[in-house]
Protein chains: 2
Amino acid sequence: GGRSLQPSRKWIRDVWEFAREDTDRVKFAFKVGLAVLLTALLILFRAPYEVFGTNIIWSIITVAIMFEYTVGATFNRGFNRALGSIVAGIFAIVAIQIGLSSGHIAEPYVIGLSIFLVGAATSFMKLLPSLVPYEYGFRVALFTYCLIVVSGYRMGNPIRTSMDRLYSIAIGGLIAVLVNVLIFPIWAGEQLHKELVACFSSVADSLEECVRKYLRDDGSGDAEFSKKVLDDFPDEPAFKKCRATLNTSAKLESLAVSANWEPPHGRFRHFFYPWSEYVKVGAVLRHCAYEVMALHGCLHSEIQAPYNLRCTFQPEILDATNQAAELIRSLAKDISNMSRRSLHTNLLKRVHSSTERLQRSIDVHSYLLTSSTHDPRRTFLPSC
Amino acid sequence: GGRSLQPSRKWIRDVWEFAREDTDRVKFAFKVGLAVLLTALLILFRAPYEVFGTNIIWSIITVAIMFEYTVGATFNRGFNRALGSIVAGIFAIVAIQIGLSSGHIAEPYVIGLSIFLVGAATSFMKLLPSLVPYEYGFRVALFTYCLIVVSGYRMGNPIRTSMDRLYSIAIGGLIAVLVNVLIFPIWAGEQLHKELVACFSSVADSLEECVRKYLRDDGSGDAEFSKKVLDDFPDEPAFKKCRATLNTSAKLESLAVSANWEPPHGRFRHFFYPWSEYVKVGAVLRHCAYEVMALHGCLHSEIQAPYNLRCTFQPEILDATNQAAELIRSLAKDISNMSRRSLHTNLLKRVHSSTERLQRSIDVHSYLLTSSTHDPRRTFLPSC
C-alpha cells in the first residue's frame, strides 16, 4: 500500500519523519508558540497595555525576530538587538537636540541629513570583515534611529517614546530568553559537539568504503569519468556523508559563535569553554576528508592499477586502512565521551607500522611494477 | 613613517583600503542612505503623513530590513516580506472574524490559541529543508499575524489598520527596490560569474605552486607534520586562495538563488538564465581542488620520494602540470568571456598525452623504483 500514497499523504509522512528524526524541532516550534502567546497576553490583559500603550506591540516583534533555534544564537541576537537599540537611541536623542537647537526651518534638513549619514555609515560598517558578525545589530540600529528621530519630529516627546519602546523591546527579549533557556533548552554547544563527532565517523566510514570498493572493483564498470566522480552511487552512502562534512565549516563556525554566548551547561561545566577549538579540530579533520576525496577520485579515474596488482597488496592496504579508520573512530569516541585515553600513541604507532609494512611489501614486490611492456593505461599509478 | 602609525590611524587606513578594493561597497552604503532618506521624506513632509498616520513608520522598517547588497537578494527578501505579510493578513482577518463570532468572553482565548498555533506552525515549517530559503518570510508572517490580531483586538478596525500597514510596507519595499535597481545596481549574477572565474584561476595557480614546490624542495625543511599542513606558509599564497575556494559552496549557492530573482541585465540577456549551472560547475571545480589539497598534503607528509627521483621525472611532471593548469585557465577565460572555443579538445588531448608521457617515463625508469635496499621511508610513494 505504501506505493499508492497520494503526494499529499507522502508529504505528511515526510514531515512526520522529519519531526521524529530530531524531536528538538518540535520542541522549538512549541517554544516559539509559547513565547509569542506569553507576549500576546501582555496585550490581551488590560493592565500592561495601559502602562505601555501601543508601544507594547514591539515586544511581539522582538520575540518573533529574536527567537532562534539554540540558546546561544538567541543570546547573540538579543545582544545585537539591545546594543543596536541603545546606541541608536543615544544617537537619535543627540540628533534631535541638535535639530531643535538649529531652529524650526533647519530642523527637517538636519534630521534628513542625519538619517542619510546614519544609513550610509551603518551599511558600510556592516560590510567590514571584522564587523560582519554584528550585521543584525547594525540593521536594528538603523531602523531604531530612523523611528525615534522621525516619530520624535512628528509626535513630540521623543525620549518618552523611545523609552517606552525600549522597555517593550526589553520585555520581549526577556520573554524570548527565558522561554528559550528554561523550557527544553537546545544548546549550540551540544549540537557542535555532536556535529564534530559525526564528522569524524563519516570520514572513517568513507575511507573504509573507498578502499573496500577499490579492492573489490575489477575495473569492469568504467563509464564516463565526469559522471562517475560527481554523481551519487547507490553503493557509496558513506562517501556522500563525507562530502557533506566538507561543507560543514560554516555550520561549525556559526555554532561555535553561538556556543560562546552560552553559560556552562550539561557536560560543559566551564566558563569560557574553548569552543573555537572545535572549529580548529574540524578544519584538521577536513584535511583528512580531502585525502578521502582524492582517493575517491582515483577510484573513478581512467588510469587504473591492474586487478592482480591490487590483489597482491590487498592485505597490507586493508590493514593500513583499518588501522587509520580505527584511530579516527577512537578519536571520535574520546571527543564524544570527553575523555583522554593514552592509547592513542599506541594506535598511531600501529598506523605507522602498517603503512611501513605496505611500503616494504611494495619494495619486495617492486619487480611487478617494472613490467615496461604492458599497456601504459593499466599501470599501477592511480592518476587523479 | 608607516610603522609609527597609531592603531586608530592604521584602522582608518585599513577601512580606506577596504573601500578602495571594491567601490561597490561605498555605492551600497550611499544607496542605503538615499533609500532611508527618501522614506523619511514621506514623514517629514506633511501630506503623506496625514494620509497614512503613524503606520507610515513601517516604510522605514521595511527599507532598513529589506535593503540587501545585490538586486536579486533585495527582490528575494521583498518577495518573502510581501508574501509573508499578505498570507499573515488573510489568516489574521479570518481569525478575528472567528474571534468576534465566538462571543465577548471567548474572544481572547480564541486569539491566544490562534497566536500559539501560528507561532508553532511557522517555526516548525521554516525548519523543513524545502522551506529553509523562505525562513525570513515565515518570521515576517508570524509577527505580522500577531500585530494585526492583537492591535485589532485592542484598537478596533483591524482591516483598516492592516491595510494601512500593508500600504506602508509596499511603499517602503518599492523605494528599496527602485533605489537598488536604478542607482548603480549591484547584480548577484555578475558577482557569481566573477566568483566562479576567480575560483578557476586559484585552482590553476595552486596546482602549479604545489608542484613547483615539490620539485624544488630537497626535503630539508621537515618539521612537525600537523603544523605544516594546517598553517599558512608565506611562500604559498595560491594555496591559501585555493583552500578558500573550498568554502565557497554556500556563497555560490546563495548568489545563484539571488541571481534567479534578477531580470536580464548586462551580459546576461536571457530570461531564465541557467544560474544553477554555475553552482554545478563550482562543485566540479571543487573536486579538482580536493586533488590539489591532497597533493599539498603529500608535499608536507613525512614519507617523501628521494630528491634524485623527483629530478628524474621533473620535465614530465612539469609538463603535465602546466598542461592541466593551462586547460583550467582556458576554461576560466571562456567562462569569463562567455565564449565557447573548440580548442578545448585540443588542450584536453595535450593533458592526456602529457600524463601518458609521464607514465611512460615511469615505466622506462622503473628500475629506479626497485631499489629494495634503501631506506623505506624515502621511497617514491608519497604517503598522505
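Conventions adopted
Residues numbered from 1 in each chain as written. Chains lettered and ligands numbered in written order. Predicted model: local features only at pLDDT ≥ 70, side-chain atom pairs only at ≥ 80, totals over all residues. Heavy atoms only, no water. Contact = heavy atoms within 4.5 Å. Buried area = accessible area lost by both parts, 1.4 Å probe. Salt bridge = Lys/Arg side-chain N within 4 Å of Asp/Glu carboxyl O. Helix = DSSP H or I, 4+ residues; strand = E, 2+ residues; numbered from the N terminus. Nonpolar A, V, L, I, M, F, W, Y, C, P; charged D, E, K, R; others polar. Least-squares fit on C-alpha atoms with pLDDT ≥ 70 in both. Buried < 20%, exposed > 50% of the residue type's maximum accessible area, 1.4 Å probe, protein only. Axes fitted to C-alpha atoms, helices over the stretch in contact; angles between N-to-C directions. Parallel < 35°, antiparallel > 145°, perpendicular 65-115°, else oblique. Left-handed = near helix turned anticlockwise from the far one by under 90°.

S.K.: How do you make sense of the interface of chain B and chain A when you look at a structure like this?
M.R.: One widely used convention gives an interface's size as the accessible area the parts lose upon coming together. In this assembly, 89 residues from chain B lie in contact with 89 residues from chain A. It is Leu-44, Arg-139 and Arg-154 of chain B in chain B that bury the most area against chain A; as a group they hold 9% of the surface buried on that side. At the junction of chain B with chain A, the criterion picks out two salt bridges. Ranked by the residues each element gives to the side of chain B that touches chain A, the list is headed by helix α2 (residues 24-44) of chain B, at 13 residues. Considered class by class, the residues forming the side of chain B that touches chain A number 59 nonpolar, 15 polar and 15 charged.

S.K.: Which parts of the structure should I look at to understand the relation of the copies chain B and chain A?
M.R.: Each copy of the chain is related to the other by a rotation around an axis and a translation along that axis. Least-squares fitting of chain B to chain A yields an RMSD of 0.1 Å, with the superposition described by an axial translation of 0.0 Å and a rotation of 180 degrees. Given the turn and translation reported, the copies of this chain are related as if by a two-fold rotation axis. For chain B, the residue whose C-alpha comes nearest the rotation axis is Tyr-290 of chain B, separated from it by 2.7 Å. A share of 100% of the interface residues of chain B reappears at the interface of chain A, consistent with the copies meeting face to face through the same patch.

S.K.: Honestly, the pattern of salt bridges in this entry has me stumped. Any pointers?
M.R.: Pairs may arise between side chains of opposite charge once their charged atoms sit close together. Inspection of every chain in the model, using the stated rule, returns 30 salt bridges over all chains. Between Glu-68 of chain A and Arg-139 of chain B there is a salt bridge, with the nearest N and O atoms lying 3.0 Å from each other. With Glu-68 of chain A in the loop between α4 (57-66) and α5 (71-101) and Arg-139 of chain B in helix α7 (residues 135-155), the pair connects residues from two separate chains. Note on Glu-68 of chain A: relative accessible area 17%, which makes it buried. Judged by its relative accessible area of 8%, Arg-139 of chain B is buried. The partner of Arg-139 of chain B in a salt bridge is Glu-135 of chain B, and the shortest N-O contact between them spans 2.9 Å. Taken together, the positions of Arg-139 of chain B and Glu-135 of chain B, both in helix α7 and four residues apart, correspond to about one turn of that helix. According to the relative accessible area criterion, Glu-135 of chain B is partly exposed, its value standing at 27%.

S.K.: Teacher, can you tell me more about the packing of helix α9 (residues 188-216) of chain B against helix α11 (residues 237-245) of chain B here?
M.R.: Packed helices, taken two at a time, are described by the angle between their axes plus the distance between the axes. Residue and element names in this part refer to chain B. Here α9 crosses α11 at 135 degrees, and the two axes come no closer than 8 Å. Classified by the angle between their axes, α9 and α11 sit oblique to one another. As α9 packs across α11, the resulting crossing turns out to be left-handed. On α11, the residues that touch Cys-199, Ser-202, Val-203, Asp-205, Ser-206 and Glu-209 of α9 are Pro-237, Ala-238, Phe-239, Lys-241, Cys-242 and Thr-245.

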